[in-house]
Amino acid sequence: MTSPQGFLGFWETTGSAKTFTHPLDPALLDAYVPRRARVLDYGCGYGRLTAELAALGYRGVCGVDVSAALIARGRREHPELDLRRYAGLPLPFGAGAFDAALLFAVLTCVPRDADQEAIAGELGRLVRPGGVLYVSDVPLQDDAFNQERYRRFADRYGTFGVFETPDGGVFRHHTPERLRGLVRAAGFSVVTERTGSVGTLDGRRAERLQLIARRTTAPTASTAEPPGPGRSGPAPA
């Protein structure tokens, strides 16, 4: 749920106690990701979706986040899960180490272009050719409340769609083409899109965009070992 650089304080304090509400679509996942798949839940927060994946029968799931507080919470609530805290990129996994990756309501917590591009690029390295990236995030909303806060913070952040919340969070809503472009630039081809309404951290409703994308080019070579039985890479924090 958090950016690898900057804006982290919120997720180590106030944000770490939030109840996340962005839902998984199990039927959509099942159509593209088999139960035997090695799955990376990037920006897993406290392991909410990682736990849901495990309950659905996905056994090769690893959740990672940059927030120490969120990972600590996840380990308390879900001690059976593989949840790891890594403070930056690249992650200590080999190229093509995963069959699929989830990126759920993560980019909305990453206001800077460069940080978003780094995350997408890293997932492009980690997902094997032919593998799947499942993105679900919040596009620009057209209601008066959101439009006003986009305008209010546009000069401060230099991007229309970035805004602050009263409790200290900084978030970003995107044009759909921005989300598609990040996926394409990382070497994925979008094969399915879905829209719908979801709850937000502040108790409102927002429209969301879901993208299923397939890896179409070879990932960057890496010397790190892929995860596997008895081999999990460097010890997480």
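Just so it is clear, the model here is predicted, and its values are computed rather than measured.

1. With respect to the packing of aromatic side chains
- Evaluation of the coordinates by the stated rule reveals 11 aromatic pairs.
- Ring geometry for W11 against F20: centres 6.0 Å apart, planes inclined by 70°, an arrangement best described as edge-to-face.
- Take W11: its relative accessible area is 2%, and that puts it in the buried class.
- F20 gets classed as buried once you look at its relative accessible area, which sits at 7%.
- Taking the centre distance of 5.2 Å and the plane angle of 90° together, the rings of F93 and F98 count as edge-to-face. As far as burial versus exposure is concerned, F93 and F98 are alike and both buried.
- Taken together, the aromatic side chains of F10, W11, F20, Y46, Y150, F160, F163 and F171 make up a single cluster linked through ring pairs.
- The lysine or arginine in question, R149, covers the ring of F163, its NZ or CZ lying 3.8 Å from the ring centre.
- It is R204 that lies over the ring of F145; its NZ or CZ is 3.6 Å from the centre.

2. Concerning the nonpolar core
- L40, Y42, F93 and L103 are the most contacted members of the largest nonpolar core, which has 30 residues in total.
- Mapped onto this core, the elements with two or more residues apiece are strand 1 (38–42), strand 2 (60–65), strand 4 (98–104), helix 5 (113–126), strand 5 (127–137), helix 7 (176–185) and strand 9 (205–215).
- Looking at this core element by element, the count peaks at four residues for helix 5.
- Counting 16 residues, the second largest nonpolar core, distinct from the first, contains L28, L49, L53 and A100.

3. Thoughts on empty space enclosed by the protein
- Tallied over the entire structure, the rule returns two cavities of 30 Å³ or more.
- In this structure, the largest cavity encloses a volume near 50 Å³.
- In this structure, the largest cavity is lined by 10 residues; those nearest its centre are Y42, V64, D65, V66 and Y86.
- Grouping the amino acids of the lining of the largest cavity by side-chain chemistry returns six nonpolar, three polar and one charged.
- Estimated volume of the second largest cavity: approximately 40 Å³.
- Lining the second largest cavity are L103, L107, A120, L133, V135, L182 and V183.
- Elements with a contribution of two residues or more to the lining of the second largest cavity: strand 5 and helix 7.

4. Remarks on the confidence of the model for the chain
- Chain-level statistics for the chain give a pLDDT mean of 90 and a share of 89% at 70 or above.
- Below pLDDT 50 for its whole length, residues 1–6 participates in 31 contacts with residues either more than four positions away or in separate chains.
- Note that pLDDT drops below 50 for residues 219–237; the model gives that stretch 36 contacts with residues more than four away or on any other chain.

5. Considering the sheet that holds strand 9
- Within the open sheet, the seven strands sit side by side as 3-2-1-4-5-9-8. Their pairing is mixed. Both outer strands of the open sheet, strand 3 (83–85) and strand 8 (188–199), are each paired with one neighbouring strand and no more. Each neighbouring strand pair of the sheet contributes to a mean axis angle of 20°, computed without reference to strand direction.
- Here strand 8 runs beside strand 9; their pairing, made up of 11 bridges, is antiparallel.

6. A closer look at the side chain of D41
- Position of D41 among the secondary structure elements: in strand 1.
- Salt bridges are absent for the buried D41, whose nearest opposite-charge side chain, R48, sits at 8.0 Å.
- A distance of 2.7 Å separates polar atoms of two side chains, one belonging to D41 and the other to T50.
- Those residues in contact with D41 that lie beyond four places of it in its chain are L49, T50, C62, G63, V64 and L102.

Basis of the calculations
Residues numbered from 1 in each chain as written. Predicted model: local features only at pLDDT ≥ 70, side-chain atom pairs only at ≥ 80, totals over all residues. Heavy atoms only, no water. Phe/Tyr/Trp six-rings, centres within 6.5 Å; stacked < 30°, edge-to-face > 60°. Buried < 20%, exposed > 50% of the residue type's maximum accessible area, 1.4 Å probe, protein only. Lys NZ or Arg CZ within 6 Å of the ring centre and 35° of its normal. Core = buried A, V, L, I, M, F, W, Y, C linked by side-chain atoms within 4.5 Å. Helix = DSSP H or I, 4+ residues; strand = E, 2+ residues; numbered from the N terminus. 1 Å grid on protein atoms, 1.4 Å probe; cavity = no way out; pocket = protein on both sides within 12 Å on 5 of 7 lines; lining within 4 Å. Points joined across faces, edges and corners; volume = space filled by probe spheres on them. Nonpolar A, V, L, I, M, F, W, Y, C, P; charged D, E, K, R; others polar. pLDDT = per-residue confidence, 0-100. Contact = heavy atoms within 4.5 Å. Pairing = 2+ DSSP bridges. Axes fitted to C-alpha atoms, helices over the stretch in contact; angles between N-to-C directions. Lys, Arg positive; Asp, Glu negative; His and termini not counted. Salt bridge = Lys/Arg side-chain N within 4 Å of Asp/Glu carboxyl O. Polar contact = N/O pair within 3.5 Å; in protein donor to acceptor, adjacent residues only side chain to side chain.

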